[in-house]
Amino acid sequence: MTAQLIDGNALSRQLRDNVRERVLTLRARGVVPGLAVVLVGDNPASQVYVRNKVKACEDTGMHSVLEQYPADMTEADLLARVTALNNDPSIHGILVQLPLPAHINAQRVIETISPAKDVDGFHVGSAGALMVGQPGFWPCTPYGCMKMLESIGYNLRGKHAVVIGRSNIVGKPMALMLLQQNATVTICHSATPDLKAMTLQADVIVAAVGKRNVLTADMVKPGAVVLDVGMNRTEEGKLCGDVDFADVKEVAGYITPVPGGVGPMTITMLMVNTLASAEHMLAA
Ligand code: GUN
């Protein structure tokens, strides 16, 4: 059996077409959705990510500002910038790129972002809203994974979903979203004694560890849906995920590739969240 690919690029294009149309509607009413992207330091991967986020804004007709600061920026200065952006009516979403330099308390910075502009969904208020099923911004990567499941018409009710990884950005919110759709959810992590025993029971597997070949073909039930959140490099420098794609695709029913899977969806959901923020502020 060969799995069907869930194409993150194609789904992103479709979702961005919808975003573009809704941006035009807002523009006709005098509102241009705006995203502020704040980068501190010169992490090369972060520089690529923030550039792609700004490009996505251009692609969807949104306004964006990229604020870049040196690695020795003080926490107080960064908090002041975030507060200024909270008060800037042209900005509907604020994203502070992580990781931040070690001398800055990232959680304190995130908690300073207004929950109304927290389009990353990392604020404790956003996390709490997701937990209790109230409206709020969902973190973009797990949100994108849910859209991928929706795109194949997958009904999670009564299904067993196994999430590998427990980060605040992906694993934990992913588990809550799957639970909200009535899946039975297991969260596995580095202290899980027998990962394979868990994944073999799964109808849906989300691999979000950040390590190559965490999920191999012998760990996958035939026909399972496999979502690969990983972003790693092979020894040859080629981009790859957490899943042994070549072998797992022969067992799984559906699988997301890397690149071209979850990655583009993350940025697209950031656009969706920023647009939703602007729509919400206009309606308020
Ligand atoms: N660093 C890696 N992924 C992300 C993300 O989704 N948002 C932010 N702000 N930083 C990140």
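Scroll up to find the structure.
Residues numbered from 1 in each chain as written. Predicted model: local features only at pLDDT ≥ 70, side-chain atom pairs only at ≥ 80, totals over all residues. Heavy atoms only, no water.

Trainee: Please set out the sheet that holds strand E4 (residues 93-96) residue by residue, giving values where relevant.
Mentor: Ordered by their spatial adjacency, three strands build an open sheet running E3-E2-E4, and the pairing between neighbours is parallel. Either end of the sheet is taken by a strand with one partner, and the two such strands are strand E3 (63-69) and E4. Along the sheet, successive strands turn relative to each other by an average axial angle of 15°, direction set aside. Pairing of strand E2 (residues 34-40) with E4 involves four bridges; the strand directions are parallel. By the bridge assignment, Val38 is partnered in E4 with Val96. Set on the sheet, helix H2 (residues 44-60) makes contact with E2, E3 and E4; between it and E2 the angle comes to about 170°. (Pairing = 2+ DSSP bridges. Helix = DSSP H or I, 4+ residues; strand = E, 2+ residues; numbered from the N terminus. Axes fitted to C-alpha atoms, helices over the stretch in contact; angles between N-to-C directions. Contact = heavy atoms within 4.5 Å.)

Trainee: Quick one: what's the story with the nonpolar core, residue by residue and with numbers?
Mentor: Ranked by internal contacts, the top residues of the largest apolar core, which has 50 residues, are Leu35, Leu149, Leu178 and Met271. Looking at this core, the element that brings in the most residues is helix H10 (residues 262-283), giving nine residues. Every residue in contact with Met271, bar those within four places of it in the chain, is listed here: Val19, Leu35, Lys53, Ala56, Cys57, Thr60 and Met62. One finds Ala3, Leu215, Val226 and Val248 within the second-largest nonpolar core, a separate group that totals 19 residues. (Core = buried A, V, L, I, M, F, W, Y, C linked by side-chain atoms within 4.5 Å. Buried < 20%, exposed > 50% of the residue type's maximum accessible area, 1.4 Å probe, protein only.)

Trainee: Kindly report on the site of the ligand, identifying the contributing residues and their values.
Mentor: Around the ligand, the neighbouring residues are Lys53, Leu95, Val96, Gln97, Leu98, Asp120 and Phe122. Taking Val96, its main chain carries an N or O atom lying 2.8 Å from a nitrogen atom of the ligand. Within the contact set of the ligand, a nitrogen atom lies 2.6 Å away from a side-chain nitrogen or oxygen of Asp120. In the complex, 80% of the free accessible area of the ligand, which totals 280 Å², lies under the protein chains. By residue class, the composition of the shell around the ligand is four nonpolar, one polar and two charged. (Near = heavy atom within 4 Å. Polar contact = N/O pair within 3.5 Å; in protein donor to acceptor, adjacent residues only side chain to side chain. Areas by Shrake-Rupley, 256 points an atom, 1.4 Å probe, with all protein chains shown as cover. Nonpolar A, V, L, I, M, F, W, Y, C, P; charged D, E, K, R; others polar.)

Trainee: Quick rundown of the environment of Arg233? Include the residues and the values.
Mentor: Structurally, the position occupied by Arg233 is in strand E9 (residues 232-233). Take Arg233: its relative accessible area is 55%, and that puts it in the exposed class. Along the sequence, Arg233 and Met148 sit 85 residues apart, while their C-alpha atoms lie 23 Å from each other. When sequence neighbours within four positions are dropped, the list of residues in contact with Arg233 reads Arg212, Lys238, Leu239 and Cys240. Side-chain polar atoms of Arg233 contact the backbone oxygen of Gly237, separated by 3.0 Å.

Trainee: So what about the environment of Asn155? Which residues, and what values?
Mentor: Residue position: Asn155 is located in the loop between helix H6 (140-151) and strand E5 (160-164). In the structure, Asn155 is positioned 63 residues away from His92 in sequence and 33 Å away in space, judged by C-alpha atoms. A distance of 3.1 Å separates a polar side-chain atom of Asn155 from the backbone nitrogen of Arg157.

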